[in-house]
Amino acid sequence: MYENLLADVPTDLWIGGKWRKASDGGRFDVIDPATERIIASVASATVEDAIAAIDAAEAAFEGWASRKPRERAEILRRSYELIMRDAERFAKLITLENGKALPDSRSEVAYAAEFFRWYAEEAVRNIGDVSRAPASGARILVHHKPAGIAVLVTPWNFPAAMATRKIGPALAAGCPVVLKPASDTPLTMLALMPVLEEAGVPAGVINVIPSRSSGKVVGAMLHDPRVRVVSFTGSTEVGRKLLREAADNIVKPAMELGGNAPFIVFEDADIDAAIDGAMIAKMRNMGEACTAANRFYVHEKVHDEFAAKLTARMASLKMGNGLDEGVNLGPLVNKDGRDKVIELVNDAVEKGARILTGGRVPDGPGFFYPATVLDNVPDNAKMLNEEIFGPVASIQTFKSEEEVIRRANDTEYGLVAYLYTRDLSRGLRVSEKLDFGMIGLNRGLVSDPAAPFGGMKQSGIGREGAHEGMMEFLETQYVSVTW
Ligand code: NAP
(Lines give C-alpha, C1' and ligand atoms only; values in the text may rest on other atoms or scores of the structure.)
Protein backbone atom coordinates (compact mmCIF):
# COMPACT_ATOMS: atom_id res chain seq x y z
CA MET A 1 0.00 0.00 0.00
CA TYR A 2 2.76 2.45 1.03
CA GLU A 3 5.09 1.54 -1.75
CA ASN A 4 2.65 2.44 -4.52
CA LEU A 5 1.71 5.71 -2.92
CA LEU A 6 5.27 6.74 -2.22
CA ALA A 7 6.86 5.56 -5.47
CA ASP A 8 6.74 8.97 -7.19
CA VAL A 9 7.14 11.22 -4.16
CA PRO A 10 10.38 13.24 -4.31
CA THR A 11 12.44 13.38 -1.11
CA ASP A 12 15.15 15.95 -1.88
CA LEU A 13 15.22 19.75 -1.73
CA TRP A 14 13.44 21.69 -4.50
CA ILE A 15 15.65 24.67 -5.30
CA GLY A 16 15.64 26.65 -8.54
CA GLY A 17 13.46 24.06 -10.28
CA LYS A 18 15.86 21.16 -9.54
CA TRP A 19 16.03 18.39 -6.96
CA ARG A 20 19.13 18.61 -4.77
CA LYS A 21 20.61 16.68 -1.85
CA ALA A 22 21.37 18.66 1.30
CA SER A 23 24.83 20.26 1.17
CA ASP A 24 26.00 18.09 4.09
CA GLY A 25 24.11 15.00 2.88
CA GLY A 26 21.83 15.09 5.95
CA ARG A 27 18.41 13.40 5.93
CA PHE A 28 15.62 12.72 8.41
CA ASP A 29 12.84 10.14 8.68
CA VAL A 30 9.13 10.62 8.13
CA ILE A 31 6.84 8.34 10.18
CA ASP A 32 3.34 7.04 9.54
CA PRO A 33 1.55 7.88 12.82
CA ALA A 34 -0.92 5.00 12.35
CA THR A 35 1.76 2.28 12.28
CA GLU A 36 4.86 4.09 13.63
CA ARG A 37 6.73 2.81 10.56
CA ILE A 38 9.33 4.92 8.76
CA ILE A 39 7.88 5.73 5.35
CA ALA A 40 10.50 8.05 3.84
CA SER A 41 13.85 9.68 4.39
CA VAL A 42 13.92 13.35 3.38
CA ALA A 43 16.86 15.69 2.72
CA SER A 44 17.43 18.10 5.61
CA ALA A 45 18.35 21.58 4.38
CA THR A 46 21.34 23.39 5.88
CA VAL A 47 21.85 27.15 6.16
CA GLU A 48 23.89 26.93 2.94
CA ASP A 49 20.92 25.29 1.16
CA ALA A 50 18.57 27.95 2.49
CA ILE A 51 20.77 30.71 1.07
CA ALA A 52 20.90 28.82 -2.25
CA ALA A 53 17.09 28.83 -2.21
CA ILE A 54 17.10 32.61 -1.64
CA ASP A 55 19.55 32.94 -4.56
CA ALA A 56 17.13 30.96 -6.76
CA ALA A 57 14.18 33.08 -5.62
CA GLU A 58 16.15 36.25 -6.32
CA ALA A 59 17.01 35.05 -9.82
CA ALA A 60 13.32 34.32 -10.49
CA PHE A 61 11.90 37.48 -8.92
CA GLU A 62 12.09 40.03 -11.71
CA GLY A 63 10.81 37.66 -14.39
CA TRP A 64 7.86 36.55 -12.26
CA ALA A 65 6.95 40.02 -11.00
CA SER A 66 6.96 41.42 -14.54
CA ARG A 67 4.74 38.69 -16.01
CA LYS A 68 1.34 40.08 -16.92
CA PRO A 69 -1.17 39.51 -14.11
CA ARG A 70 -3.33 37.47 -16.50
CA GLU A 71 -0.42 35.09 -17.17
CA ARG A 72 0.19 34.59 -13.48
CA ALA A 73 -3.56 34.07 -13.02
CA GLU A 74 -3.66 31.38 -15.73
CA ILE A 75 -0.80 29.49 -14.06
CA LEU A 76 -2.58 29.63 -10.70
CA ARG A 77 -5.83 28.45 -12.28
CA ARG A 78 -4.01 25.56 -13.94
CA SER A 79 -2.43 24.69 -10.58
CA TYR A 80 -5.92 24.41 -9.10
CA GLU A 81 -7.05 22.11 -11.90
CA LEU A 82 -4.02 19.84 -11.70
CA ILE A 83 -4.28 19.45 -7.92
CA MET A 84 -7.94 18.47 -8.34
CA ARG A 85 -6.93 16.01 -11.07
CA ASP A 86 -4.56 14.37 -8.55
CA ALA A 87 -6.81 14.95 -5.52
CA GLU A 88 -7.05 11.34 -4.39
CA ARG A 89 -3.28 10.81 -4.54
CA PHE A 90 -2.68 13.95 -2.46
CA ALA A 91 -5.40 12.98 0.03
CA LYS A 92 -3.81 9.58 0.63
CA LEU A 93 -0.36 11.10 1.00
CA ILE A 94 -1.66 13.57 3.59
CA THR A 95 -3.25 10.72 5.53
CA LEU A 96 -0.07 8.70 5.34
CA GLU A 97 2.21 11.34 6.81
CA ASN A 98 -0.24 13.20 9.08
CA GLY A 99 -2.62 10.42 10.16
CA LYS A 100 -5.93 12.24 9.59
CA ALA A 101 -8.75 10.11 8.18
CA LEU A 102 -9.29 10.16 4.41
CA PRO A 103 -12.50 12.25 4.52
CA ASP A 104 -10.52 14.98 6.35
CA SER A 105 -7.67 14.70 3.84
CA ARG A 106 -10.04 14.93 0.89
CA SER A 107 -11.59 18.09 2.35
CA GLU A 108 -8.13 19.50 2.92
CA VAL A 109 -7.07 18.91 -0.70
CA ALA A 110 -10.17 20.68 -2.03
CA TYR A 111 -9.60 23.56 0.43
CA ALA A 112 -5.89 23.74 -0.46
CA ALA A 113 -6.54 23.78 -4.22
CA GLU A 114 -9.16 26.49 -3.81
CA PHE A 115 -6.48 28.98 -2.75
CA PHE A 116 -5.03 28.72 -6.27
CA ARG A 117 -8.44 29.24 -7.88
CA TRP A 118 -9.30 32.17 -5.62
CA TYR A 119 -5.92 33.88 -6.12
CA ALA A 120 -6.07 33.24 -9.87
CA GLU A 121 -9.07 35.55 -9.69
CA GLU A 122 -7.36 38.03 -7.34
CA ALA A 123 -4.12 38.25 -9.36
CA VAL A 124 -5.92 40.43 -11.90
CA ARG A 125 -7.47 42.69 -9.24
CA ASN A 126 -4.40 44.34 -7.74
CA ILE A 127 -6.08 47.70 -7.95
CA GLY A 128 -4.81 51.09 -6.81
CA ASP A 129 -6.30 54.51 -6.26
CA VAL A 130 -6.01 58.08 -7.52
CA SER A 131 -7.16 61.13 -5.58
CA ARG A 132 -6.32 64.87 -5.23
CA ALA A 133 -4.38 66.25 -2.30
CA PRO A 134 -6.80 68.60 -0.50
CA ALA A 135 -4.30 71.45 -0.03
CA SER A 136 -1.89 71.32 -2.98
CA GLY A 137 -4.20 69.83 -5.56
CA ALA A 138 -1.45 67.36 -6.59
CA ARG A 139 -2.55 63.88 -7.59
CA ILE A 140 -2.08 61.10 -5.00
CA LEU A 141 -1.49 57.96 -7.03
CA VAL A 142 -1.44 54.75 -4.99
CA HIS A 143 -0.39 51.35 -6.34
CA HIS A 144 0.88 48.06 -4.94
CA LYS A 145 4.22 46.41 -5.76
CA PRO A 146 5.27 42.85 -4.97
CA ALA A 147 6.96 43.05 -1.57
CA GLY A 148 9.87 40.76 -2.48
CA ILE A 149 11.13 37.32 -1.53
CA ALA A 150 8.87 35.66 1.04
CA VAL A 151 9.88 32.99 3.53
CA LEU A 152 6.96 30.70 4.36
CA VAL A 153 6.99 28.41 7.41
CA THR A 154 4.12 25.96 7.87
CA PRO A 155 2.84 23.44 10.45
CA TRP A 156 2.03 19.74 10.13
CA ASN A 157 -1.71 19.85 10.81
CA PHE A 158 -2.74 20.84 7.26
CA PRO A 159 0.32 19.83 5.19
CA ALA A 160 -1.24 21.12 1.95
CA ALA A 161 -3.61 23.94 2.87
CA MET A 162 -1.40 25.91 5.27
CA ALA A 163 1.17 26.16 2.46
CA THR A 164 -1.15 26.89 -0.49
CA ARG A 165 -2.87 29.58 1.62
CA LYS A 166 0.50 31.40 1.45
CA ILE A 167 1.81 30.31 -1.96
CA GLY A 168 -1.40 31.33 -3.79
CA PRO A 169 -1.43 34.99 -2.70
CA ALA A 170 2.37 35.33 -2.85
CA LEU A 171 2.46 34.18 -6.48
CA ALA A 172 -0.59 36.26 -7.37
CA ALA A 173 1.20 39.31 -5.94
CA GLY A 174 4.36 38.54 -7.94
CA CYS A 175 6.57 37.32 -5.07
CA PRO A 176 8.86 34.27 -5.22
CA VAL A 177 8.88 32.08 -2.10
CA VAL A 178 11.03 29.74 -0.05
CA LEU A 179 8.86 27.31 1.91
CA LYS A 180 9.97 25.36 4.96
CA PRO A 181 7.31 22.71 5.66
CA ALA A 182 6.94 20.99 9.04
CA SER A 183 9.36 18.12 9.63
CA ASP A 184 6.54 15.71 10.51
CA THR A 185 4.85 16.22 7.11
CA PRO A 186 7.25 17.35 4.36
CA LEU A 187 6.09 14.91 1.65
CA THR A 188 2.87 16.61 0.52
CA MET A 189 4.64 19.83 -0.49
CA LEU A 190 7.49 17.97 -2.17
CA ALA A 191 4.93 15.95 -4.16
CA LEU A 192 3.17 19.16 -5.16
CA MET A 193 6.24 20.68 -6.85
CA PRO A 194 6.19 18.63 -10.10
CA VAL A 195 2.47 19.42 -10.38
CA LEU A 196 3.06 23.15 -10.05
CA GLU A 197 5.93 22.90 -12.53
CA GLU A 198 3.52 21.20 -14.96
CA ALA A 199 1.08 24.07 -14.36
CA GLY A 200 3.77 26.46 -15.57
CA VAL A 201 5.31 27.88 -12.37
CA PRO A 202 8.83 28.91 -13.47
CA ALA A 203 11.99 27.55 -11.81
CA GLY A 204 12.93 29.41 -8.63
CA VAL A 205 9.51 30.97 -8.03
CA ILE A 206 8.76 28.29 -5.42
CA ASN A 207 11.53 26.58 -3.48
CA VAL A 208 10.86 23.93 -0.82
CA ILE A 209 13.44 23.13 1.84
CA PRO A 210 12.43 20.68 4.58
CA SER A 211 14.89 20.86 7.46
CA ARG A 212 15.46 19.35 10.85
CA SER A 213 17.38 22.53 11.79
CA SER A 214 14.34 24.80 11.51
CA GLY A 215 15.57 27.48 13.91
CA LYS A 216 18.96 27.92 12.21
CA VAL A 217 17.67 27.70 8.64
CA VAL A 218 14.75 30.09 9.09
CA GLY A 219 16.87 32.43 11.23
CA ALA A 220 19.52 32.65 8.48
CA MET A 221 16.89 33.48 5.88
CA LEU A 222 15.33 36.19 8.04
CA HIS A 223 18.77 37.78 8.35
CA ASP A 224 19.34 37.79 4.60
CA PRO A 225 18.54 41.35 3.44
CA ARG A 226 16.89 40.06 0.25
CA VAL A 227 14.01 38.55 2.27
CA ARG A 228 11.15 41.03 2.72
CA VAL A 229 8.23 38.94 4.05
CA VAL A 230 7.93 36.13 6.60
CA SER A 231 4.60 34.33 6.66
CA PHE A 232 4.35 31.83 9.50
CA THR A 233 1.63 29.45 10.65
CA GLY A 234 2.29 27.54 13.84
CA SER A 235 2.47 27.92 17.59
CA THR A 236 2.42 31.28 19.34
CA GLU A 237 5.70 30.34 21.04
CA VAL A 238 7.58 29.92 17.74
CA GLY A 239 5.75 32.92 16.23
CA ARG A 240 7.14 35.08 19.03
CA LYS A 241 10.69 33.89 18.23
CA LEU A 242 10.26 34.63 14.53
CA LEU A 243 8.90 38.11 15.25
CA ARG A 244 12.06 38.81 17.28
CA GLU A 245 14.24 37.58 14.42
CA ALA A 246 12.23 39.48 11.82
CA ALA A 247 12.79 42.66 13.84
CA ASP A 248 16.50 42.84 12.95
CA ASN A 249 15.88 43.52 9.25
CA ILE A 250 12.29 44.81 9.72
CA VAL A 251 10.94 41.89 7.67
CA LYS A 252 7.19 42.23 7.10
CA PRO A 253 5.48 39.59 9.30
CA ALA A 254 2.25 37.65 8.79
CA MET A 255 1.57 35.39 11.76
CA GLU A 256 -1.18 32.74 12.05
CA LEU A 257 -0.73 31.39 15.57
CA GLY A 258 -2.50 29.33 18.18
CA GLY A 259 -6.12 29.48 19.31
CA ASN A 260 -8.36 28.61 22.28
CA ALA A 261 -11.80 28.72 20.70
CA PRO A 262 -14.92 28.98 22.86
CA PHE A 263 -18.08 27.27 21.56
CA ILE A 264 -21.13 28.88 23.16
CA VAL A 265 -24.57 27.26 23.12
CA PHE A 266 -27.37 29.57 24.29
CA GLU A 267 -30.60 28.24 25.76
CA ASP A 268 -32.55 29.13 22.57
CA ALA A 269 -30.12 27.32 20.22
CA ASP A 270 -31.20 24.64 17.79
CA ILE A 271 -29.43 21.88 19.71
CA ASP A 272 -29.21 19.43 16.80
CA ALA A 273 -27.63 22.10 14.62
CA ALA A 274 -25.27 22.96 17.49
CA ILE A 275 -24.24 19.29 17.74
CA ASP A 276 -23.53 19.16 14.00
CA GLY A 277 -21.50 22.35 14.31
CA ALA A 278 -19.71 21.06 17.40
CA MET A 279 -18.66 17.87 15.61
CA ILE A 280 -17.04 19.94 12.86
CA ALA A 281 -15.56 22.59 15.13
CA LYS A 282 -14.14 19.96 17.47
CA MET A 283 -13.42 16.93 15.29
CA ARG A 284 -12.30 18.31 11.93
CA ASN A 285 -8.73 17.07 11.74
CA MET A 286 -9.23 15.10 15.01
CA GLY A 287 -9.10 18.33 16.97
CA GLU A 288 -5.63 19.13 15.61
CA ALA A 289 -6.66 22.55 14.29
CA CYS A 290 -5.99 26.09 15.48
CA THR A 291 -9.73 26.62 14.95
CA ALA A 292 -10.73 23.61 17.10
CA ALA A 293 -13.41 24.28 19.71
CA ASN A 294 -11.41 24.08 22.93
CA ARG A 295 -13.99 25.17 25.51
CA PHE A 296 -17.70 24.35 25.29
CA TYR A 297 -19.89 26.77 27.27
CA VAL A 298 -23.44 25.42 27.35
CA HIS A 299 -26.36 27.23 29.00
CA GLU A 300 -27.38 25.34 32.13
CA LYS A 301 -30.95 24.86 30.79
CA VAL A 302 -29.79 22.90 27.72
CA HIS A 303 -26.66 21.34 29.17
CA ASP A 304 -28.04 17.83 29.74
CA GLU A 305 -29.47 17.49 26.24
CA PHE A 306 -26.32 18.91 24.60
CA ALA A 307 -23.94 16.73 26.66
CA ALA A 308 -25.95 13.54 25.98
CA LYS A 309 -26.19 14.16 22.24
CA LEU A 310 -22.54 15.18 21.87
CA THR A 311 -21.46 12.10 23.81
CA ALA A 312 -23.51 9.82 21.55
CA ARG A 313 -22.06 11.35 18.39
CA MET A 314 -18.47 11.26 19.67
CA ALA A 315 -18.85 7.64 20.81
CA SER A 316 -20.10 6.63 17.36
CA LEU A 317 -16.89 7.67 15.56
CA LYS A 318 -14.78 4.88 14.12
CA MET A 319 -11.12 5.08 15.09
CA GLY A 320 -8.45 3.39 12.98
CA ASN A 321 -5.88 3.75 10.22
CA GLY A 322 -6.98 6.86 8.34
CA LEU A 323 -6.39 5.14 5.00
CA ASP A 324 -9.14 2.59 5.70
CA GLU A 325 -12.54 3.52 4.30
CA GLY A 326 -15.15 4.10 7.01
CA VAL A 327 -12.63 5.42 9.52
CA ASN A 328 -13.28 8.97 10.66
CA LEU A 329 -10.79 9.26 13.52
CA GLY A 330 -7.14 8.62 12.69
CA PRO A 331 -4.11 8.78 15.01
CA LEU A 332 -2.63 12.02 16.31
CA VAL A 333 0.45 13.21 14.47
CA ASN A 334 3.13 11.98 16.89
CA LYS A 335 3.87 10.70 20.37
CA ASP A 336 4.42 14.15 21.88
CA GLY A 337 1.04 15.32 20.59
CA ARG A 338 -0.71 12.34 22.13
CA ASP A 339 1.23 12.59 25.43
CA LYS A 340 0.05 16.19 25.73
CA VAL A 341 -3.59 15.16 25.28
CA ILE A 342 -3.18 12.38 27.88
CA GLU A 343 -1.64 14.86 30.33
CA LEU A 344 -4.40 17.45 29.84
CA VAL A 345 -7.18 14.86 30.29
CA ASN A 346 -5.54 13.41 33.43
CA ASP A 347 -5.13 16.89 34.87
CA ALA A 348 -8.82 17.76 34.29
CA VAL A 349 -10.03 14.44 35.72
CA GLU A 350 -7.82 14.79 38.81
CA LYS A 351 -9.35 18.23 39.36
CA GLY A 352 -12.92 16.88 39.18
CA ALA A 353 -13.97 16.56 35.51
CA ARG A 354 -16.19 13.61 34.62
CA ILE A 355 -15.50 11.43 31.55
CA LEU A 356 -18.70 10.88 29.53
CA THR A 357 -16.98 8.87 26.80
CA GLY A 358 -13.43 8.00 25.74
CA GLY A 359 -10.40 8.84 27.84
CA ARG A 360 -8.70 5.43 27.43
CA VAL A 361 -5.58 5.09 25.28
CA PRO A 362 -5.72 1.96 23.08
CA ASP A 363 -2.79 -0.44 22.74
CA GLY A 364 -0.29 0.42 19.98
CA PRO A 365 1.06 0.68 17.46
CA GLY A 366 -0.06 4.13 16.37
CA PHE A 367 -0.58 7.38 18.25
CA PHE A 368 -4.33 6.91 18.71
CA TYR A 369 -6.52 8.72 21.21
CA PRO A 370 -10.28 8.13 21.32
CA ALA A 371 -13.02 10.73 20.91
CA THR A 372 -13.55 11.98 24.46
CA VAL A 373 -16.11 14.17 26.20
CA LEU A 374 -15.39 15.66 29.64
CA ASP A 375 -18.14 17.29 31.68
CA ASN A 376 -17.93 19.61 34.71
CA VAL A 377 -14.44 20.66 33.73
CA PRO A 378 -13.20 22.93 36.54
CA ASP A 379 -11.95 26.44 35.81
CA ASN A 380 -8.42 25.58 36.91
CA ALA A 381 -8.05 22.68 34.42
CA LYS A 382 -5.05 23.27 32.16
CA MET A 383 -7.03 22.34 29.04
CA LEU A 384 -9.09 25.52 29.33
CA ASN A 385 -5.97 27.65 28.90
CA GLU A 386 -3.95 25.56 26.44
CA GLU A 387 -4.73 24.18 23.01
CA ILE A 388 -5.82 20.57 23.50
CA PHE A 389 -4.99 19.71 19.86
CA GLY A 390 -6.80 16.39 20.13
CA PRO A 391 -10.28 14.81 20.02
CA VAL A 392 -11.35 15.97 23.49
CA ALA A 393 -14.39 18.15 24.18
CA SER A 394 -14.51 19.95 27.54
CA ILE A 395 -17.95 21.10 28.73
CA GLN A 396 -18.83 23.79 31.27
CA THR A 397 -22.14 25.52 31.96
CA PHE A 398 -23.08 29.20 32.17
CA LYS A 399 -26.09 31.22 33.34
CA SER A 400 -26.01 34.63 31.60
CA GLU A 401 -24.87 36.34 28.40
CA GLU A 402 -22.54 38.76 30.24
CA GLU A 403 -20.93 35.89 32.15
CA VAL A 404 -20.24 33.80 29.06
CA ILE A 405 -18.79 36.75 27.10
CA ARG A 406 -16.40 37.48 29.98
CA ARG A 407 -15.32 33.85 30.28
CA ALA A 408 -14.95 33.37 26.53
CA ASN A 409 -12.72 36.45 26.27
CA ASP A 410 -10.61 35.39 29.25
CA THR A 411 -7.69 34.09 27.18
CA GLU A 412 -4.61 35.54 25.52
CA TYR A 413 -5.78 33.97 22.26
CA GLY A 414 -8.30 35.50 19.86
CA LEU A 415 -8.56 33.37 16.73
CA VAL A 416 -12.12 32.08 16.46
CA ALA A 417 -15.26 31.76 18.58
CA TYR A 418 -18.46 29.83 17.79
CA LEU A 419 -21.93 30.61 19.07
CA TYR A 420 -25.34 29.08 18.60
CA THR A 421 -28.59 30.96 19.16
CA ARG A 422 -31.86 31.31 17.23
CA ASP A 423 -31.93 35.02 18.10
CA LEU A 424 -29.94 36.78 15.38
CA SER A 425 -29.77 40.09 17.20
CA ARG A 426 -28.28 38.36 20.22
CA GLY A 427 -25.91 36.50 17.90
CA LEU A 428 -24.60 39.72 16.37
CA ARG A 429 -24.52 41.59 19.70
CA VAL A 430 -22.45 38.86 21.33
CA SER A 431 -20.23 38.49 18.21
CA GLU A 432 -19.27 42.16 18.46
CA LYS A 433 -18.27 41.75 22.09
CA LEU A 434 -16.10 38.69 21.48
CA ASP A 435 -12.40 39.53 20.94
CA PHE A 436 -11.80 37.01 18.20
CA GLY A 437 -10.79 37.55 14.57
CA MET A 438 -13.44 35.13 13.32
CA ILE A 439 -16.90 34.16 14.56
CA GLY A 440 -18.90 31.09 13.56
CA LEU A 441 -22.49 32.24 14.16
CA ASN A 442 -24.61 29.09 13.96
CA ARG A 443 -21.72 27.51 12.03
CA GLY A 444 -18.94 25.17 13.12
CA LEU A 445 -16.64 25.99 10.21
CA VAL A 446 -15.28 29.42 9.26
CA SER A 447 -12.32 28.57 6.99
CA ASP A 448 -12.95 29.86 3.46
CA PRO A 449 -10.41 31.05 0.87
CA ALA A 450 -12.69 34.00 0.09
CA ALA A 451 -12.76 35.21 3.73
CA PRO A 452 -10.05 36.94 5.79
CA PHE A 453 -8.73 34.26 8.14
CA GLY A 454 -6.75 35.39 11.16
CA GLY A 455 -6.61 36.19 14.81
CA MET A 456 -6.54 39.00 17.34
CA LYS A 457 -4.35 39.24 20.46
CA GLN A 458 -1.71 36.47 20.63
CA SER A 459 -3.35 34.49 17.81
CA GLY A 460 -1.59 36.49 15.18
CA ILE A 461 -0.92 39.44 12.94
CA GLY A 462 -2.41 39.81 9.46
CA ARG A 463 -4.93 37.82 7.48
CA GLU A 464 -4.84 34.94 5.00
CA GLY A 465 -7.39 34.37 2.24
CA ALA A 466 -9.63 37.02 0.64
CA HIS A 467 -8.13 40.20 -0.82
CA GLU A 468 -6.42 40.88 2.52
CA GLY A 469 -4.30 37.76 2.08
CA MET A 470 -2.67 39.16 -1.07
CA MET A 471 -1.96 42.49 0.63
CA GLU A 472 0.45 40.65 2.97
CA PHE A 473 2.70 40.16 -0.08
CA LEU A 474 2.34 43.66 -1.52
CA GLU A 475 3.88 47.01 -0.61
CA THR A 476 1.88 50.17 -1.06
CA GLN A 477 3.63 52.90 -3.03
CA TYR A 478 2.30 56.43 -3.32
CA VAL A 479 3.39 58.77 -6.10
CA SER A 480 2.75 62.48 -5.60
CA VAL A 481 2.32 63.92 -9.08
CA THR A 482 1.14 67.01 -10.89
CA TRP A 483 0.04 66.67 -14.48
P1 NAP B 1 5.26 24.82 15.55
O2 NAP B 1 5.99 23.90 16.45
O3 NAP B 1 5.22 26.25 15.89
O4 NAP B 1 5.92 24.60 14.11
C5 NAP B 1 5.46 25.28 12.97
C6 NAP B 1 6.58 25.39 11.98
O7 NAP B 1 7.63 26.16 12.54
C8 NAP B 1 7.21 24.05 11.58
O9 NAP B 1 7.59 24.11 10.23
C10 NAP B 1 8.43 24.00 12.47
O11 NAP B 1 9.46 23.19 11.97
C12 NAP B 1 8.85 25.45 12.48
N13 NAP B 1 9.68 25.81 13.61
C14 NAP B 1 9.74 25.25 14.84
N15 NAP B 1 10.63 25.91 15.61
C16 NAP B 1 11.13 26.91 14.85
C17 NAP B 1 12.09 27.92 15.08
N18 NAP B 1 12.70 28.07 16.26
N19 NAP B 1 12.38 28.77 14.07
C20 NAP B 1 11.77 28.64 12.89
N21 NAP B 1 10.87 27.69 12.61
C22 NAP B 1 10.54 26.84 13.57
O23 NAP B 1 3.75 24.41 15.35
P24 NAP B 1 3.16 22.98 14.98
O25 NAP B 1 3.26 22.13 16.21
O26 NAP B 1 3.75 22.47 13.72
O27 NAP B 1 1.64 23.35 14.66
C28 NAP B 1 0.69 23.49 15.62
C29 NAP B 1 0.46 24.94 15.95
O30 NAP B 1 0.10 25.67 14.77
C31 NAP B 1 -0.70 25.14 16.89
O32 NAP B 1 -0.37 26.09 17.87
C33 NAP B 1 -1.81 25.68 15.99
O34 NAP B 1 -2.77 26.42 16.66
C35 NAP B 1 -1.03 26.48 15.03
N36 NAP B 1 -1.81 26.70 13.80
C37 NAP B 1 -2.32 27.94 13.56
C38 NAP B 1 -3.08 28.18 12.43
C39 NAP B 1 -3.65 29.53 12.15
O40 NAP B 1 -4.01 29.78 11.01
N41 NAP B 1 -3.76 30.42 13.11
C42 NAP B 1 -3.32 27.14 11.53
C43 NAP B 1 -2.80 25.88 11.80
C44 NAP B 1 -2.03 25.68 12.94
P45 NAP B 1 9.68 21.69 12.55
O46 NAP B 1 8.51 20.92 12.11
O47 NAP B 1 10.94 21.26 11.91
O48 NAP B 1 9.78 21.82 14.04
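Engineer: Which parts of the structure should I look at to understand the domain arrangement of the protein chain?
Structural biologist: Taken domain by domain, the protein chain holds domain 1 (2–257 + 459–481) and domain 2 (261–448). Relative to domain 2, the C-alpha centre of domain 1 lies at a distance of 30 Å. Between domain 1 and domain 2 the total buried area reaches about 2,300 Å² when both faces are included, carbon and sulfur atoms providing 57% of it. When the buried area of domain 1 at its contact with domain 2 is split by residue, Ala-34, Trp-156 and Ser-459 rank highest and sum to 21% of it. Linking domain 1 with domain 2 are one salt bridge, by the criterion used here. The salt bridge involving Arg-106 is made with Glu-325; its shortest N-O contact spans 3.0 Å. Inspection of the domain 1/domain 2 interface yields 11 residue pairs in polar contact (both at pLDDT 80 or more). Going through the elements one at a time, helix H4 (87–98) and helix H5 (102–122) are the ones with two or more residues in the side of domain 1 that touches domain 2. Considering every element that reaches the side of domain 1 that touches domain 2, the biggest residue donor is H5, with five residues. Here the residues of the side of domain 1 that touches domain 2 sort into 10 nonpolar, seven polar and eight charged.

Engineer: Sorry, what's going on with the sheet that holds strand S6 (residues 139–146) here?
Structural biologist: Strands belonging to one sheet form pairs held by backbone hydrogen bonds; the direction of such a pair is parallel or antiparallel. Here three strands make up an open sheet; going across it, the order is S5-S6-S22 and the pairing antiparallel. At either end of the open sheet lies a strand with only one pairing partner, and these are strand S5 (129–132) and strand S22 (474–481). Averaged over neighbouring strand pairs, the angle between their axes works out to 25° when direction is ignored. In this sheet, S22 lies alongside S6 in antiparallel orientation, the contact comprising eight bridges. In the strand pairing of S22, Arg-139 is matched with Val-481.

Engineer: Honestly, the sheet that holds strand S18 (residues 416–420) in this entry has me stumped. Any pointers?
Structural biologist: Strand order in this open sheet of seven strands is S14-S15-S16-S13-S12-S18-S19, and the pairing throughout is mixed. Only two strands of the sheet have a single partner each, and these edge strands are strand S14 (354–357) and strand S19 (438–441). Across the sheet, the axes of successive neighbouring strands diverge by a mean angle of 25°, strand direction being ignored. Note: S14 against strand S15 (residues 372–375), three bridges, orientation antiparallel. Note on S15: the bridge partner recorded for Thr-357 is Val-373.

Engineer: Can you walk me through the packing of helix H8 (residues 214–222) against helix H9 (residues 236–248) in this structure?
Structural biologist: Packed helices, taken two at a time, are described by the angle between their axes plus the distance between the axes. Orientation of H8 relative to H9, taken along the N-to-C sense of each, is 30°, at an axis distance of 9 Å. Taken as axis vectors, H8 and H9 run roughly parallel relative to one another. Every pair of crossing elements has a handedness; the one defined by H8 and H9 is right-handed. Facing Gly-215, Val-218, Gly-219 and Leu-222 of H8, the residues of H9 in contact are Leu-242, Glu-245 and Ala-246.

Engineer: Help me understand the environment of Ile-355, please; the structure alone is not making it clear to me.
Structural biologist: Turning to its location among the elements, Ile-355 is positioned in strand S14. With relative accessibility at 38%, the residue Ile-355 sits in the partly exposed group. In this structure, the C-alpha to C-alpha distance between Ile-355 and Glu-403, residues 48 residues apart in sequence, is 25 Å. Other than its neighbours up to four places away in sequence, Ile-355 contacts Val-349, Val-373 and Leu-374.

What counts and how
Residues numbered from 1 in each chain as written. Predicted model: local features only at pLDDT ≥ 70, side-chain atom pairs only at ≥ 80, totals over all residues. Heavy atoms only, no water. Domains from an automatic or database assignment. Buried area = accessible area lost by both parts, 1.4 Å probe. Salt bridge = Lys/Arg side-chain N within 4 Å of Asp/Glu carboxyl O. Polar contact = N/O pair within 3.5 Å; in protein donor to acceptor, adjacent residues only side chain to side chain. Helix = DSSP H or I, 4+ residues; strand = E, 2+ residues; numbered from the N terminus. Nonpolar A, V, L, I, M, F, W, Y, C, P; charged D, E, K, R; others polar. Pairing = 2+ DSSP bridges. Axes fitted to C-alpha atoms, helices over the stretch in contact; angles between N-to-C directions. Parallel < 35°, antiparallel > 145°, perpendicular 65-115°, else oblique. Left-handed = near helix turned anticlockwise from the far one by under 90°. Contact = heavy atoms within 4.5 Å. Buried < 20%, exposed > 50% of the residue type's maximum accessible area, 1.4 Å probe, protein only.

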